[in-house]
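For reference, the chains in residue letters:
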Amino acid sequence: MLTDGVVGTKPGLSRTRTRIFFARIGAAIIDFIVLSCLQIWISTIFGVVNPASGGDQYLFDGDGLGSTFAGAAIIHPVWLYLIAFVYFFVQETLFGTTIGKLFLGLHVTGMHGERLTWLASLLRNLLRFIDMLPLLYIVGLFSSCMSPTFQRIGDRLAHTVVVPIKATPAASYPGPTVLKRYAILCMIVLVMAGFCLNYMYYYRPPLVIQGWANINNSYQFNAQSTIPPCGKVSTIFDDIVVNRPIHLLQTKTPIWNGDAVTYPIVYADKVTCTANVTLHWNGFLDGWSVSSVRIDS
C-alpha cells in the first residue's frame with residue numbers, strides 16, 4: 001500500500017507517524033478556531049438571544065466541542081452542524097485539504113495516494129459527527145489510535161487517509177486549478193457575506209425584539225399591585241424590562257429614522273398590551289440594540 005511509507009506503518013517509521021499525529025491535532029485546532037468564528041458570526045446575524053433560566057445555555061455546535069452562551073444570540077444546533085459540514089466538505093472536495101490542514105502541510109487522499117473524490121469527501125464528513133462523540137472527537141481519536149494509518153471512523157468507511165502533501169504530490173491539484181477554484185469560492189463567499197450583512201441591517205431587528213422579550217422573561221418579577229397590568233419600564237443590569245413576563249404576539253411595520261428604528265409591538269401578560277420598542281444601530285460589529293421601550297396601553 002502506497003501510504004505505508006507515508007503514515008509510518010512500516011518498522012522504523014513510528015517517528016513519522018507521531019509527527020502526522022500532532023500535525024493533525026494542530027490542524028484540528030486551527031480549523032476549530034476558524035469554524036467557531038464563522039459559527040459565532042452567523043449566529044449573531046440569524047440567532048435570537050434566549051437566556052436559559054438558572055444558567056447559561058449549553059449546546060453542541062458541530063465542531064467537536066460543546067459551547068456555553070451567556071446572553072448571546074444562538075441559532076439551532078442543526079444549523080451549526082450544517083455550517084461545520086459545509087466548511088469541511090467544500091474545502092476537501094475542491095482542494096483536498098482545509099485551512100488547518102494546509103497550514104500544517106496535510107491533505108486527504110485515497111488509501112493508495114490518489115486524489116480525494118467528492119463521494120469519499122461526502123462520506124468522511126457525514127461520519128465526522130460520529131467521530132466527534134461524545135466530546136472532543138473521543139470516538140475518532142480512539143479509532144485513530146487503533147488504526148495503523150491513523151484513520152478515524154469516517155476515514156475507514158470512506159477509504160481515505162490524511163498524509164503530508166509533499167509525500168503524495170499526485171493527489172494535489174495543479175496550481176491553475178487551485179487558483180481558479182479559490183477565486184470562484186471567494187466570489188461566492190463575498191456574495192453570501194453581502195447577503196448576511198444586508199439581512200443584519202434590514203431584517204434582524206424583529207429577532208432582536210424577540211431576544212429582548214426573552215431577556216425580560218428571564219428575570220424573576222415579584223407580583224406587585226403597584227405594577228400596571230401592562231408592566232412598568234425600568235432597567236435591570238442595563239437590560240430594559242417591563243417588570244412582568246410577557247408573550248410577544250405581533251411585531252408591526254417599523255418606522256425608520258436614520259440609525260434608529262421603532263417597532264410597534266403587541267404583547268400579552270394578563271391583558272393584551274401595545275408598546276413601541278426603539279432599536280439603535282451600533283455598526284456591523286455590534287448590530288442592533290434596544291435603546292428604549294414605551295408602553296402605550
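Notes on the structure in this doc start here. (Residues numbered from 1 in each chain as written. Predicted model: local features only at pLDDT ≥ 70, side-chain atom pairs only at ≥ 80, totals over all residues. Heavy atoms only, no water.)

## Observations regarding a nonpolar patch on the surface
A cluster of nonpolar residues, Phe22, Ile25, Ile29 and Ile33, forms a patch on the protein surface that exposes about 380 Å² of accessible area. Counting through the fold element by element, Phe22 comes out in helix α2 (residues 14–46). Judged by its relative accessible area of 54%, Phe22 is exposed. (Patch = residues over 30% accessible without salt bridge, like charges linked within 9 Å, V, L, I, M, F, W, Y side chains within 5 Å. Areas by Shrake-Rupley, 256 points an atom, 1.4 Å probe, with all protein chains shown as cover. Salt bridge = Lys/Arg side-chain N within 4 Å of Asp/Glu carboxyl O. Helix = DSSP H or I, 4+ residues; strand = E, 2+ residues; numbered from the N terminus. Buried < 20%, exposed > 50% of the residue type's maximum accessible area, 1.4 Å probe, protein only.)

## Brief notes about the nonpolar core
With 24 residues, the main nonpolar core has Ile209, Trp212, Ile265, Tyr267, Val277, Leu279 and Trp288 as its most contacted residues. Looking at this core, the elements that each hand over two or more residues are α9 (175–202), α10 (205–218), β11 (260–268), β12 (272–281) and β13 (288–295). Element by element, the count of residues in this core is highest for β12, at five residues. When sequence neighbours within four positions are dropped, the list of residues in contact with Trp288 reads Met200, Tyr201, Pro205, Val208, Trp256, Asp259, Ala260, Val261, Leu279, His280, Trp281 and Asn282. (Core = buried A, V, L, I, M, F, W, Y, C linked by side-chain atoms within 4.5 Å. Contact = heavy atoms within 4.5 Å.)

## Description of the packing of helix α3 (residues 77–95) against α9
Between α3 and α9, the least distance of the axes is 10 Å, while the angle of their chain directions is 150°. Here α3 lies roughly antiparallel to α9, going by the angle between them. Counting all contacts with α3, which are made through Val90, Thr93, Leu94 and Phe95, the residues of α9 involved are Val178, Arg181, Tyr182 and Leu185. Of the residues belonging to the contact of α3 with α9, the class tally is six nonpolar, one polar and one charged. (Axes fitted to C-alpha atoms, helices over the stretch in contact; angles between N-to-C directions. Parallel < 35°, antiparallel > 145°, perpendicular 65-115°, else oblique. Nonpolar A, V, L, I, M, F, W, Y, C, P; charged D, E, K, R; others polar.)

## Observations regarding unusual backbone geometry
Looking along the chain, the bond that leaves Leu133 and enters Pro134 is cis, with omega of -15°. Position of Pro134 among the secondary structure elements: in the loop between α6 (128–131) and α7 (138–145). Positive phi values are uncommon outside glycine, yet Phe150 reaches one of about 55°. Looking at the element boundaries, Phe150 is found in the loop between α7 and α8 (153–158). A positive phi is found at Asn243, a non-glycine position, where the angle reads about 65°. Following the sequence through the fold, Asn243 ends up in the loop between β8 (239–241) and β9 (247–251).

## Examining the pairing of strand β5 (residues 106–110)
Within β5, five of the five residues are buried, leaving the element largely enclosed by the surrounding structure. Taken together, the five bridges between β5 and strand β6 (residues 160–164) define a ladder with antiparallel strand orientation. The residue bridging Val108 from the neighbouring strand is Val162, located in β6. (Pairing = 2+ DSSP bridges.)

## Some words on the environment of Asn222
Within the secondary structure, Asn222 is located in the loop between α10 and β7 (234–236). Under the relative-accessibility criterion, Asn222 is labelled exposed at 61%. Linking Asn222 and Asn243, residues 21 residues apart in sequence, is a C-alpha distance of 8.3 Å.

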